[in-house]
Amino acid sequence: QVQLVESGGGLVQPGGSLRLSCAASGFTFSSYVMSWYRQAPGKERELVAGITRSGSTNYADSVKGRFTISRENAKNTVYLQMNSLKPEDTAVYYCKADRYLGGGTILRYWGQGTQVTVSS
């Protein structure tokens, strides 16, 4: 049974930090590209950061220099370290796993999300 379980969200003041974790099970974690997305109320879900199987990373412009994505294959876990948080970072954060099989076929799994609220 495939599971992606996010944790680490919560309420933090502007300028503060949080570390999100996404624990995976039920599939071969190291074979998947992992990403963090977020969705604020009334807005589309957007990509925050991604990390390939080899560890290459990419970030949304809005979080570059503040957020860091990393993965620990031995623990089947991907992390998102969020520093210098701003109120506009408030959203539900989701973990996604993708495996590209070729021929346009993608295996994709989503977590249930964790709420991050940045407010004084």
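Look up a bit, the structure's there.
**Structural notes on the pairing of strand 11 (residues 114-118)**
Okay, step 1: Burial along strand 11 is one-sided: the residues Thr114, Val116 and Val118 are buried and none of Gln115 and Thr117 is.
Okay, step 2: Where strand 2 (residues 10-12) and strand 11 come together, three bridges link them in parallel fashion. Of the residues in strand 11, the one forming a bridge with leucine 11 is threonine 117.
Okay, step 3: The pairing of strand 9 (residues 91-102) with strand 11 spans three bridges and is antiparallel. The partner of tyrosine 93 across the bridge, within strand 11, is threonine 114.

**A short note on the sheet that holds strand 7 (residues 67-72)**
Okay, step 1: Taken in spatial order, the four strands of this open sheet run 1-3-8-7, and their pairing is antiparallel. Each having just a single partner strand, strand 1 (3-7) and strand 7 make up the two edges of the open sheet. When the angles between neighbouring strand axes are averaged without regard to direction, this sheet yields 15°.

Reading the values: the criteria
Residues numbered from 1 in each chain as written. Predicted model: local features only at pLDDT ≥ 70, side-chain atom pairs only at ≥ 80, totals over all residues. Heavy atoms only, no water. Buried < 20%, exposed > 50% of the residue type's maximum accessible area, 1.4 Å probe, protein only. Helix = DSSP H or I, 4+ residues; strand = E, 2+ residues; numbered from the N terminus. Pairing = 2+ DSSP bridges. Axes fitted to C-alpha atoms, helices over the stretch in contact; angles between N-to-C directions.

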